[in-house]
Amino acid sequence: MSGATTASGATTASGATTASGATTASGATTAAPDAAYNFAYLDEQTKRMLRRALLKAVAIPGYQVPFASREMPLAYGWGTGGMQVTAAILGSADVLKVIDQGADDTTNAVSIRAFFARTAGVATTESTAQATVIQTRHRIPEFPLREGQTIVYQVPQPEPLRKLEPRETETRRMHAMADYGVMHVKLYEDIARHGRVTLAYDYPVLVNRRHVMAPSPIPAFDNPKMHFSPALQLFGAGREKRLYAVPPFTSVESLAFEDHPFHPWKADCACDLCGATDSYLDEVIIDDSGGKLFVCSDTDHCATRRAEGHRGAKAGHALTAAE
Amino acid sequence: MYVAVKGGARAIAASHACLAEDRRGDPALPELSVAQISEQLRFAVDRVMAEGGLYDRELAALAVKQAAGDLVEAAFLLRAYRTTLPRFGYSLPVDTGAMLVQRRVSATYKDIPGGQMLGSTFDYTHRLLDFALLAEGGEVPAAPRDKVPIEPAPRVTELLAREDLMARDPDDGTDPTDLTRTPLTYPADRSARLQNLARGDEGFVLAMGYSTQRGYGGTHPFVGEVRFGSVTVELCPEELGFPIEIGDILLTECQMVNQFGGSRTEPPQFTRGYGLAFGHSERKAMGMALCDRALRAREFGEDITAPAQDEEFVLSHTDNVESSGFVQHLKLPHYVDFQSELELIRALRREAEARSAAALPEAAE
Amino acid sequence: MLTDAPLLEAKTVSLRFGRIAALDEVSIQVWPGEVLAVVGESGSGKTTLLRVLHGDLSPDAGQVLYAGRDIHAMAAPDRKWLARNEWGFVHQNPRDGLRMAVSAGGNIGERLMAAGARHWGNIRAAAIEWLARVEIPEDRIDDPPRKFSGGMQQRLQIARVLVMGPRIVFMDEPTGGLDVSVQARLLDLIRRLTHELGLASVIVTHDLAVARLLADRTVVMQQGRVVEQGLTDQVLDDPHHAYTQLLVSSVLQA
């Protein structure tokens, strides 16, 4: 299964859909945008405001830029920040991929992708390689991003110090003074108590050797992908009204100690469907006695590998998409 | 047999269809009209306008209908719609002193110039369910209302200010913050706080105000005045250079009179808490006035001891569009993060077991 | 270490709170390695002076010079750096100077980590060393201070303050609120450590016995003014100013 459906319900091999049911040369979907709204829903003034904020963010890697978040047709907490960033940067020639938990077909990813298809008429895709803009919740795609791609992260809590310090006035000062002692104390305490750092996701990083940043609730496993990525990484927190960015080829280091270095954890096995040993895996309970399958969280990655002939230990399980 | 979770798009479409059906309810019953909602559920409409931050009765009534009565959802619809609207400019400040009052009460004086006007209120009703309302078509006798238009009445707090017993809040000419254009930062100025409270969830603002009455940072409030009625909105278009009236809106305003301790250098004065809401929203305006006063603690050099005085705490949690979104977002899949927690806790337990297993032989010696 | 210039100097510092003159043209000096006590009753301005010397409050007039630099004229980050690396402040209530929910080791290690220490083992070793120096048993290193007695909390606060090797330490009634026997032990510790480390220190206290035990020189304050200063023994044994005489005579001989 390549992971794409056409309007008629049949699957194509290229991973792209068209409204008419045929694949285009580029393999991406297009549809006429809804004329009742401006391109990508937001008015041009708002987009300009967002882009100015994004420019500031790119100029100071990892620094949270306040912005006047707009109410979007999706609820706060459901990706409005990411959507505003995407709306601000999307152009008619872009190809958009939207994932949630690494999958293109989770309900919220579907909802957001449909939103942009409707309000911008941009081509959409499930293929990481073909996308120019990827909006994501909680994962970075396994396939390495390349120069010219932009990844937009949905962020619930942009402030990495928030759990340690609830006051905004205080955390603002801490960032200004690079006063991050309290963050390292937390890591010290974890190691003293458990022998290792017990942050599994949204693991704080030091960006460009200056600002501590919340990478969004991606698993710690994904952190290394941010370091010197050729892609532009943008982060939007709609409810908390902050934007931040990591420009291409910027240092992003997970906080750690020299003698307790950062370790990206994942389940210690391979994908049962495609055999991948280096991708982040979802644990799926398959029967009442607790039987388990481990499958790639990145559905495009898994599907692509299977299309290339890779097979995992339980590939015999018939994998049917509910049509 | 493992079947991959797919078909999210179809599930969503089906869900929308169920929602539309449930909204309509029993098709044998007449459909609610937007006009009916606007007329007969006016408090619902008022609340949605206040929390949606948009004054338009018809749109608010439509939102109530579309949300099948879920007022937080309706406020969200209105807010999202507001995002798409072009902005022509700012009105002149409305003059609530010139309000054509339909209801006006003061607790601080027995009688006031302009009179106490009870108007339409639940306050003195007996809360007994009226089973006559189970049926439609009942006769509603005409209510005795004054046919003579009421003269605009001076505010009670103005009377106190003339005696220098209450500080005025003078217009120092600075532009107020616009919370819809610039994000809230702390410390917040009073215009930002008031805007935030005006759009805030009525329940939350009410509870915070209530807490000040129960000892969590109390300031002995009195209702200087609650007034409800219509005010004129004026806009001064650049092309004309003079203000023109563009319509009337209904507003509820509350001014609370609170005590101030004074100091050795300053004689004591009453201080103000201010509340303002679209439509007829007394509970909201009063709760807001209590919160406004509590949040002025810093200004008056008062110790900040109570949650209602904590600016960051109050203002960060007033917006029910934000709070509803974030609380409910927990329903979204979080299994990737949960997976990493699972891996972590399994690893920690393995290590703990290994440590205690290693310790046992030593203990045996 | 011989030097001509004082390490810390207040020059005609004045500060008003409304109509009240909290500090009225106060001038004092602290030399490297010397312990200075500031004594007076409550309302004398001694705590206000401490806060001005530490940079927490700005004077209305006058200057505070640390190693020749005006601390109130410098940028906040620079002052912050000094507060973290060259100065220490011991609060009267240890809860004000500690993170109560963080372990003892974490409390001591925090400044090291804020200054860039990134080797967990070394940070822990430094914490263990300092716990020993303030006579806290090593096995308490992972306990949070809310499990400690008041005296032990205070000793932990001192360790947290001294770990960065400051040149001058400010103490605000360090033994206030502690039992007499606990006080004695703590004073002994402070005396030993300041001597071993060659620390300069400014100690605010209403208790003349504390001044007698710890301080080389003593400054006596009354209503925001310095009324007398000099070698501690001289000030306490042969007070010149009427107020000092009153203070000294009202102390019950133990």
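For the structure itself, look to the data block above.
The rules we used
- Residues numbered from 1 in each chain as written.
- Chains lettered and ligands numbered in written order.
- Predicted model: local features only at pLDDT ≥ 70, side-chain atom pairs only at ≥ 80, totals over all residues.
- Heavy atoms only, no water.
- Helix = DSSP H or I, 4+ residues; strand = E, 2+ residues; numbered from the N terminus.
- Contact = heavy atoms within 4.5 Å.
- Areas by Shrake-Rupley, 256 points an atom, 1.4 Å probe, with all protein chains shown as cover.
- Lys, Arg positive; Asp, Glu negative; His and termini not counted.
- Charge placed at Lys NZ, Arg CZ, Asp CG, Glu CD.
- Buried area = accessible area lost by both parts, 1.4 Å probe.
- Salt bridge = Lys/Arg side-chain N within 4 Å of Asp/Glu carboxyl O.
- Polar contact = N/O pair within 3.5 Å; in protein donor to acceptor, adjacent residues only side chain to side chain.
- Pairing = 2+ DSSP bridges.
- Axes fitted to C-alpha atoms, helices over the stretch in contact; angles between N-to-C directions.
- Patch = residues over 30% accessible without salt bridge, like charges linked within 9 Å, V, L, I, M, F, W, Y side chains within 5 Å.
- Buried < 20%, exposed > 50% of the residue type's maximum accessible area, 1.4 Å probe, protein only.
- 1 Å grid on protein atoms, 1.4 Å probe; cavity = no way out; pocket = protein on both sides within 12 Å on 5 of 7 lines; lining within 4 Å.
- Points joined across faces, edges and corners; volume = space filled by probe spheres on them.
- Parallel < 35°, antiparallel > 145°, perpendicular 65-115°, else oblique.
- Left-handed = near helix turned anticlockwise from the far one by under 90°.
- Nonpolar A, V, L, I, M, F, W, Y, C, P; charged D, E, K, R; others polar.
- Phe/Tyr/Trp six-rings, centres within 6.5 Å; stacked < 30°, edge-to-face > 60°.
- Lys NZ or Arg CZ within 6 Å of the ring centre and 35° of its normal.
- Core = buried A, V, L, I, M, F, W, Y, C linked by side-chain atoms within 4.5 Å.
- Domains from an automatic or database assignment.

**Student:** Now, about the overall build of chain C: what can you tell me, with residues and values included?
**Tutor:** Counting its regular elements, chain C contains nine helices and ten strands. Along the longest, intermediate and shortest principal axes, the C-alpha atoms of chain C span 55 × 45 × 40 Å. Of the contacts made within chain C by residues no fewer than 6 positions apart, 66% connect residues no fewer than 24 positions apart. Here chain C has roughly 11500 Å² of accessible surface; of this, 49% comes from carbon and sulfur atoms. Looking at chain C, you have 27 positive and 30 negative side-chain charges, and the mean spots of the two groups are 7 Å apart.

**Student:** Lay out the interface of chain B and chain A in plain terms, naming residues and giving numbers.
**Tutor:** At the interface, 49 residues of chain B touch 67 residues of chain A. For the pair chain B and chain A, the two sides together bury roughly 4900 Å², of which 58% comes from carbon and sulfur. For the interface between chain B and chain A, the tally reads six salt bridges. The salt bridge involving R167(A) is made with D310(B); its shortest N-O contact spans 2.7 Å. Between chain B and chain A we count 22 residue pairs in polar contact (both at pLDDT 80 or more) in total. Of all the elements in the fold, those that place two or more residues in the side of chain B that touches chain A are α1 (8–24), α5 (71–84), α11 (320–328) and α12 (335–364) of chain B. No other element matches the 14 residues that α12(B) contributes to the side of chain B that touches chain A.

**Student:** Break down the sheet that holds strand β10 (residues 252–254) of chain A for me, with residues and values.
**Tutor:** All names here are of chain A. Across the sheet, which stays open at both edges, the three strands sit in the order β7-β6-β10 with antiparallel pairing between neighbours. The strands lining the two open edges of the sheet, one partner per strand, are β7 (211–213) and β10. The mean inter-strand angle of the sheet, taken between neighbouring strand axes irrespective of direction, is 35°. Note that strand β6 (residues 205–207) and β10 share three bridges and pair antiparallel.

**Student:** Talk me through the sheet that holds strand β10 (residues 225–231) of chain C; I want residue IDs and the actual numbers.
**Tutor:** Residues and elements named next belong to chain C. With mixed pairing, the six strands of this open sheet are ordered in space as β6-β7-β8-β3-β9-β10. Of all strands in the sheet, those bounded by a partner on one side alone are β6 (87–90) and β10. Between one strand axis and the next, the sheet turns through 15° on average, direction left out of account. Relative to strand β7 (residues 168–172), β6 runs parallel, the two being bridged by four bridges. Its bridge partner being in β7, F89 is matched across the sheet by F170. Helix-sheet contacts for helix α5 (residues 150–162) involve β6 and β7, and the interaxial angle to β6 is about 170°. The strands that helix α9 (residues 242–250) touches are β3 (35–39), β9 (217–222) and β10; relative to β9, the one it contacts most, it runs at about 105°.

**Student:** Let's hear about a nonpolar patch on the surface: which residues, and what values?
**Tutor:** Residues and elements named next belong to chain B. Judged by side-chain polarity, L129, F131 and L134 come together as a nonpolar surface patch covering roughly 420 Å² of accessible area. Counting through the fold element by element, F131 comes out in the loop between β1 (100–105) and α6 (156–162). The class of F131 is exposed, set by a relative accessible area of 58%.

**Student:** For empty space enclosed by the protein, give the residues involved together with the corresponding values.
**Tutor:** If you walk through the whole model with that rule in mind, you get four cavities of 30 Å³ or more. Considering only enclosed or pocket space, the largest cavity measures out at about 140 Å³ in volume. Lining the largest cavity we find 16 residues, and of these G77(A), W78(A), G79(A), V155(A) and P156(A) sit closest to its centre. Element by element, the count of residues in the lining of the largest cavity is highest for helix α2 (residues 80–89) of chain A, at three residues. Along the walls of the second largest cavity sit L199(A), A200(A), A220(A), W265(A), S340(B), E343(B) and L344(B), which together make up its complete lining.

**Student:** Residues and numbers for the packing of helix α5 (residues 181–194) of chain A against helix α3 (residues 104–114) of chain C, please.
**Tutor:** As a packed pair, α5(A) and α3(C) sit with axes 8 Å apart at the nearest point and diverge in direction by 135°. Classed by the angle they form, the pair α5(A) and α3(C) counts as oblique. For the crossing formed where α5(A) meets α3(C), the hand is right-handed. Here G181(A), V182(A), H184(A), V185(A), Y188(A) and E189(A) of α5(A) lie close against α3(C), whose contacting residues are G105(C), G106(C), E110(C), M113(C) and A114(C). Its residues assigned to classes, the contact of α5(A) with α3(C) comprises five nonpolar, four polar and two charged.

**Student:** So what's going on with the side chain of S279(A)? Which residues, and what values?
**Tutor:** As for its position among the elements, S279(A) is in the loop between β10 and β11 (281–285). Setting aside anything within four residues of it in sequence, one finds S279(A) in contact with E142(A), F221(A), K266(A), C296(A) and H301(A).

**Student:** Explain the packing of aromatic side chains to me, using residue names and the numbers behind them.
**Tutor:** Aromatic ring pairs are defined here through the distance separating the ring centres and the angle between the ring planes. In the structure shown here, the tally under the stated rule is eleven aromatic pairs over all chains. Between Y203(A) and F262(A), the aromatic rings sit 4.9 Å apart at their centres with planes inclined by 65°, giving edge-to-face as the arrangement. Here F262(A) lies in the loop between β10 and β11 and Y203(A) lies in the loop between α5 and β6, a separation of 59 residues in the sequence. Here F235(A) and Y244(A) contribute two aromatic rings whose centre-to-centre distance is 4.8 Å and whose plane-to-plane angle is 10°, an arrangement assigned as stacked. Each member of the pair F235(A) and Y244(A) is classed as buried. In this structure an aromatic cluster arises from ring pairing among Y41(A), F115(A) and F116(A). Over the ring of F326(B) we find R239(A), and its NZ or CZ is 3.6 Å from the ring centre. Above the plane of the ring of W130(C) lies R133(C), whose end atom (NZ or CZ) is 4.6 Å from the centre.

**Student:** Outline the pattern of salt bridges, supporting the account with residue identities and numerical values.
**Tutor:** Residues and elements named next belong to chain C. According to the stated counting rule, one finds 62 salt bridges over all chains in the structure shown. Close ionic contact of R217 with E34 constitutes a salt bridge, the shortest N to O distance being 2.9 Å. On the criterion of sequence distance, the pair formed by R217 in strand β9 and E34 in the loop between β2 (20–30) and β3 is long-range, its members being 183 residues apart. Neither residue differs from the other here; R217 and E34 are each classed as buried. Between E110 and R160 there is a salt bridge, with its nearest N and O atoms 3.0 Å apart. Of this pair, E110 sits in helix α3 while R160 sits in helix α5, and the two are 50 residues apart along the sequence. A single salt-bridge network, built from bridges that share partners, covers E129, R133, E135, R185, R192 and E196.

**Student:** Run through the environment of M288(B), naming residues and quoting values.
**Tutor:** Residue and element names in this part refer to chain B. Mapped onto the elements of the fold, M288 is located in helix α9 (residues 282–295). Exposure remark for M288: the relative accessible area of 1% places this residue in the buried category. Along the backbone, M288 and A188 are 100 residues apart, and their C-alpha atoms lie at a distance of 16 Å. Dropping the residues within four chain positions of it, M288 is found in contact with L194, L197, A198, V205, Y274, G275 and L276.

**Student:** Quick rundown of the nonpolar core? Include the residues and the values.
**Tutor:** In terms of nonpolar packing, the biggest core is built from 65 residues, with F257(A), I108(C), L156(C), I158(C) and L162(C) touching the most fellow members. Both domains that meet at this core, namely domain 1 (1–86 + 172–254) and domain 2 (99–165) of chain C, each give it at least three residues. For F257(A), the residues in contact, after removing those within four places along its chain, are H184(A), L187(A), Y188(A), I191(A), M113(C), R118(C), H119(C), W120(C) and I123(C).

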